[in-house]
Amino acid sequence: MKKILTIAAMAALLAGCEKQVQLFSNLAENQANGVMAALMDNGIACQKSPGDEGTWNLSIEQSKFAAAVNLCEQRGLPRKKFNGVGEVFKKSGMVSSPSEERIRFMDATAQDLSSTISMIDGVVDAHVHVVLPENDPFAKNAMPSSAAVAIRSRWDADLTDVVPQVKSVVKNAIEGLAYEKISVTIFKDMPPKE
């Protein structure tokens with residue numbers, strides 16, 4: 001009788017163990033922790049395991065996969081890793097051309113600004129596009145610099161009041177950029193399906 005009860009208990013335990021599937025792999029620890037916190041806040045159990053070279057993998061029950069993916073998409077998780085000035089300006093060859101340095105600088109500035117704006121509460125994702133024309137110093141009509149900011153916000157966030165602050169951050173990060181040459185467009189996510 002004891003053997004039958006042990007077998008029945010093991011069968012019940014195995015029936016309760018659902019197959020785990022990998023949700024994300026090779027995340028930085030802060031990215032993995034952010035995803036785990038959001039999932040756990042919404043009642044979705046998650047397991048973190050070591051990945052390649054100091055990264056982390058996240059696994060969940062297969063039946064929760066769709067809900068987890070939808071939740072992460074709505075929250076903009078895992079947060080994108082932006083390449084800052086230090087990473088963009090790594091030298092790959094002996095000498096870089098002035099054009100190559102200029103392009104790297106514009107990309108690094110845009111990445112840094114995108115990262116900063118992405119940290120604002122309610123922002124799911126942000127991209128900054130910087131245009132720094134190569135003007136002739138002796139020309140009469142110089143082309144002005146400009147920037148375009150695209151923000152994806154949560155469906156329940158109203159970011160209208162932060163637009164002037166976003167424009168100020170961009171203006172102060174780019175030398176010679178006029179406030180009126182910065183556009184900010186906000187794209188609001190659809191509300192979650194009930």
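Conventions we followed
- Residues numbered from 1 in each chain as written.
- Predicted model: local features only at pLDDT ≥ 70, side-chain atom pairs only at ≥ 80, totals over all residues.
- Heavy atoms only, no water.
- Helix = DSSP H or I, 4+ residues; strand = E, 2+ residues; numbered from the N terminus.
- Buried < 20%, exposed > 50% of the residue type's maximum accessible area, 1.4 Å probe, protein only.
- Contact = heavy atoms within 4.5 Å.
- Areas by Shrake-Rupley, 256 points an atom, 1.4 Å probe, with all protein chains shown as cover.
- Expected span 1.5 Å × (residues − 1).
- Axes fitted to C-alpha atoms, helices over the stretch in contact; angles between N-to-C directions.
- Left-handed = near helix turned anticlockwise from the far one by under 90°.
- Core = buried A, V, L, I, M, F, W, Y, C linked by side-chain atoms within 4.5 Å.
- Parallel < 35°, antiparallel > 145°, perpendicular 65-115°, else oblique.
- Nonpolar A, V, L, I, M, F, W, Y, C, P; charged D, E, K, R; others polar.
- Pairing = 2+ DSSP bridges.
- Salt bridge = Lys/Arg side-chain N within 4 Å of Asp/Glu carboxyl O.

(A) Quick peek at the overall build of the chain. When helices and strands are counted, the chain shows 6 helices and 6 strands. Of the regular secondary structure in the chain, the N- to C-terminal order runs α-β-α-β-β-α-α-α-β-β-α-β. In the chain, which comprises 194 residues, the share counted as buried stands at 30%. Counting only contacts in the chain whose residues sit at least 6 apart along the sequence, the fraction spanning at least 24 positions is 64%. Surface summary for the chain: the accessible area is close to 12,800 Å², and the carbon and sulfur share equals 57%.

(B) Region of interest: helix H5 (residues 98-118). For H5, built from 21 residues, the straight-helix expectation of 30 Å at 1.5 Å per residue is met to within 8% by its first-to-last C-alpha distance of 30 Å. Turning to H5, its buried residues are Arg104, Met106, Ala108, Thr109, Ala110, Gln111, Leu113, Ser114, Ile117 and Ser118.

(C) Representation of the packing of helix H2 (residues 29-41) against helix H3 (residues 65-75). It is at 10 Å that the axes of H2 and H3 come closest, and there the two elements cross at 115°. Seen along the crossing, H2 lies across H3 with a hand that is right-handed. Along its contact with H2, which presents Val35, Ala38 and Leu39, the element H3 presents Ala68, Leu71, Cys72 and Arg75.

(D) The nonpolar core, seen in detail. Counting 19 residues, the largest nonpolar core has Ile117, Val149, Ile151, Val170 and Ile174 as the members making the most contacts within it. Where this core is concerned, the elements lending two or more residues are H5, strand S4 (123-131), strand S5 (146-153), helix H6 (163-173) and strand S6 (182-188). Apart from residues no more than four positions distant in its own chain, Ile151 is found in contact with Ile117, Val123, Asp125, Ala126, Leu159, Val166, Val184, Thr185, Ile186 and Phe187. Counting 16 residues, the second-largest nonpolar core is a separate cluster that includes Val21, Met36, Leu39 and Leu77.

(E) Spatial organisation of the packing of H5 against H6. Orientation of H5 relative to H6, taken along the N-to-C sense of each, is 155°, at an axis distance of 11 Å. Comparing their axes, H6 and H5 come out roughly antiparallel. Remark: the crossing between H5 and H6 carries right-handed chirality. Along the contact surface, H5 presents Thr109, Leu113, Thr116 and Ile117, while H6 presents Val166, Val169, Val170 and Ala173. Of the residues that constitute the contact of H5 with H6, the class distribution is 6 nonpolar, 2 polar and no charged.

(F) The environment of Val166, seen in detail. Mapped onto the elements, Val166 comes out in helix H6. Along the primary structure Val166 and Ile182 are separated by 16 residues, whereas in three dimensions their C-alpha atoms are 9.5 Å apart. Each residue touching Val166, except ones within four places of it in the same chain, is listed here: Ile117, Ile120, Val149, Ile151 and Val184.

(G) Structural context of the sheet that holds S4. Read from one edge to the other, the open sheet built from 3 strands follows the order S4-S5-S6, with strand pairing classed as mixed. The outermost strands of the open sheet, each flanked by one partner alone, are S4 and S6. Each neighbouring strand pair of the sheet contributes to a mean axis angle of 15°, computed without reference to strand direction. Contacts from H5 reach S4 and S5, with the element oriented near 155° to S4. The sheet strands contacting H6 are S5 and S6, and the helix crosses S6 at an angle near 135°.

(H) Quick peek at the pattern of salt bridges. Evaluated as defined, the whole model comprises 5 salt bridges. One salt bridge in this structure joins Glu29 and Lys48, with 3.5 Å as the shortest N-O distance. With Glu29 in helix H2 and Lys48 in strand S2 (residues 47-50), this pair connects stretches of sequence that are 19 residues apart. Residue classification places Glu29 among the partly exposed positions, given a relative accessible area of 41%. Two residues, Asp189 and Arg152, come together in a salt bridge whose shortest N-O distance is 2.8 Å. With Asp189 in the segment after S6 and Arg152 in strand S5, this residue pair connects regions lying 37 residues apart in the sequence. Exposure remark for Asp189: the relative accessible area of 16% places this residue in the buried category. It is possible to trace a salt-bridge network through shared partners that takes in Glu73, Arg152 and Asp189.

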